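Report on the structure
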Amino acid sequence: MDKNVAIEVKNLSKTFYIPDRKRTTLVEYLKAPVNAFRGQRFEVLKDISFKVNHGETLAIMGNNGSGKSTLLKILAEIYVPDEGKIHINGSLVPFLELGVGFNPELTGYENIYLNGIILGMTKKFIEKKFDEIVDFAEIREFLDLPLKNYSTGMQVRLAFSIAFMSHADIYLLDEVFAVGDLHFQEKCRVVFKELKEKGKTIIFVSHSPELIKSFCDKAILLDEGKIVKYGNASEVADLYVKS
Amino acid sequence: MRTKQNYIDLYKEFFITDFKLRYKHSLLGFFWVIIKPLSIFTVMYLIWSSVLKTGENFALYLLLGVITINFFNEAVTFGLQSLYIKTHIILKINFPREIVVFSAVTIATINFLINLGIFFIFAFINHLALTLPGVILAFLGIIALVMFILAISMFLSILGVKFHDIRHLVELLLQLIFWGTPVVYDVNVLPAKIRDVVNLNPLTHILVLLRGGLLNNPQMSDHLWGNALLILVLTLLFVIIGYAFFKNNIKRIAEYF
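Residues numbered from 1 in each chain as written. Chains lettered and ligands numbered in written order. Predicted model: local features only at pLDDT ≥ 70, side-chain atom pairs only at ≥ 80, totals over all residues.

**Let's talk about the overall build of chain B**
Helix and strand counts for chain B stand at 10 helices and 0 strands. Along the three orthogonal principal directions, the C-alpha set of chain B runs to about 60 × 40 × 35 Å. Within chain B, the fraction of its 257 residues that count as buried is 36%. In chain B, the proportion of contacts linking residues at least 24 apart, taken out of those at least 6 apart, comes to 79%. (Helix = DSSP H or I, 4+ residues; strand = E, 2+ residues; numbered from the N terminus. Buried ≥ 20, exposed ≤ 12 C-beta atoms within 10 Å, placed from the backbone. Contact = placed C-beta atoms within 7 Å.)

Structural data, given as structure tokens:
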């Protein structure tokens with residue numbers, strides 16, 4: 001594979017099988033031979049192909065239910081594709097949600113370690129970066145309080161500060177910018193710019209055409225699991241606004 | 001990129017936080033670990049020692065049985081729930097999922113070791129003589145027991161996500177297994193037919209190793225070593241099969257939540 005390519009997706013398809021009634025009990029399974037094929041096949045992604053080079057930023061756009069999140073989850077290796085191939089060149093950290101594993105009962109201090117380690121950091125690394133995380137999140141005086149006593153803004157800030165410490169070549173972001181107040185969104189943009197300047201590859205889902213126009217190189221517009229348009233970010237964003 | 005060190009940290013982080021959360025906001029906290037088996041033991045001792053003609057060291061015999069079966073119940077239950085209670089993390093990020101099962105079994109194992117400590121305190125008070133070979137035999141038994149539980153958890157964690165009835169089934173089976181294991185009684189007093197059934201239960205043989213090693217030292221028979229070896233080999237085999245099953249099914253597990 002070409003060394004410049006960070007992610008290459010070829011003819012990717014994913015189908016979810018949705019039974020008429022969800023069979024999750026044993027008896028229903030024993031009856032399965034009779035009605036195993038009843039139900040609906042739901043093709044979430046159909047024949048998706050694209051390529052992202054190192055240092056590029058790709059936006060994935062589309063209405064709700066168009067398959068954006070499923071695509072992101074397949075790239076994050078949470079779902080397995082049914083058909084097609086994915087090549088990932090480099091280390092990848094997914095942010096499908098900020099603060100994965102956060103527990104409201106644990107203190108801010110404990111949650112920093114929990115979340116950081118879940119994101120792939122080592123304990124030693126977090127120890128080294130601890131002060132930086134706490135300062136960026138501006139929560140030092142609340143470190144020993146359980147997370148449930150934090151305001152939503154504080155929680156998001158903390159989650160973001162931890163996420164920002166992770167080192168990877170490729171970042172997957174699922175509408176992370178939609179959270180937080182204006183001040184925080186501004187902060188996010190600065191971080192985003194920094195990542196870009198460092199030459200990181202970013203794939204992100206967004207509904208905001210202006211954000212995409214200002215940050216992304218390429219974009220994909222999905223509709224009902226198919227790529228409607230793939231190419232220059234501002235062209236795709238314009239098409240999305242029109243549709 | 002996840003490193004080996006991250007896997008180790010993740011394993012530790014999972015069982016330490018789960019352990020913390022389990023006893024948060026409870027007054028007695030950590031003491032629940034020993035309160036549960038000890039109170040079951042006390043009630044059973046009071047009843048059975050007045051009903052049965054009990055032999056020497058019956059209290060220690062029963063205590064070891066209760067602690068062991070309690071470990072089995074708890075560990076299997078934790079193992080069953082292990083993947084399910086981590087749904088919110090599994091659906092958001094990829095990591096070696098078996099870590100979740102390992103950490104669940106570890107929590108139960110730590111609880112067991114603490115209770116075993118209590119057993120040794122009682123044994124000391126009762127002037128029970130321990131011998132090195134006896135302790136080694138019991139240790140082999142514990143290793144076999146942990147492997148047995150791990151293998152079961154590998155199956156149950158997956159099945160518990162795919163079929164929700166498994167939880168009720170396991171609850172029922174655990175109660176049946178309690179009576180199918182010589183916790184209170186001695187296998188040899190059973191009629192031949194029932195004894196054959198109880199002997200099919202691997203826990204019976206593991207318990208015989210533990211008791212043989214820790215309680216019946218003077219007459220610890222040599223055939224127990226052969227048994228220990230056989231049980232170790234079989235449980236190891238079971239772990240390998242369980243792991244293969246787990247690996248085979250885990251890839252698509254996110255679709256079943």
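So that's the structure; there's more coming.
**Details of the overall build of chain A**
A count of helices and strands for chain A gives 9 helices and 9 strands. Buried positions account for 39% of the 243 residues belonging to chain A. Within chain A, contacts between residues at least 6 apart in sequence are counted, and of these 73% link residues at least 24 apart.

**Some remarks on the sheet that holds strand E4 (residues 83-88) of chain A**
Residue and element names in this part refer to chain A. On the basis of which strands lie adjacent, the open sheet formed by 3 strands has the order E2-E1-E4 and antiparallel pairing. Either end of the sheet is taken by a strand with one partner, and the two such strands are strand E2 (40-53) and E4. Direction aside, neighbouring strands of the sheet carry axes that sit 20 degrees apart on average. When strand E1 (residues 5-18) meets E2, the two strands line up antiparallel, connected through 10 bridges. Its bridge partner lying in E2, Ile7 is registered against Val52. (Pairing = 2+ DSSP bridges. Axes fitted to C-alpha atoms, helices over the stretch in contact; angles between N-to-C directions.)

**Focus on unusual backbone geometry**
One non-glycine residue, A:Glu77, lies in the positive phi region at around 65 degrees. Mapped onto the fold, A:Glu77 is located in the loop between helix H3 (68-75) and E4. A tally of 16 C-beta atoms within 10 Å means that A:Glu77 is categorised as partly exposed. Residue B:His127 is not a glycine yet carries a positive backbone phi of 55 degrees. Take B:His127: it is sitting in the loop between helix H5 (98-125) and helix H6 (132-162). B:His127 sits in the exposed class, given 6 other C-beta atoms within 10 Å.

**As for the nonpolar core**
Counting residues in hydrophobic clusters, the biggest one holds 123 residues, and the most contacted among them are A:Ala59, A:Ile60, A:Met61, A:Leu172, A:Ala219 and B:Ile149. If you tally residues by element for this core, the top one is H6(B), at 16 residues. Setting aside its immediate chain neighbours within four residues, B:Ile149 contacts B:Phe72, B:Ala75, B:Val76, B:Gly79 and B:Val105. (Core = buried A, V, L, I, M, F, W, Y, C linked by C-beta atoms within 7 Å.)

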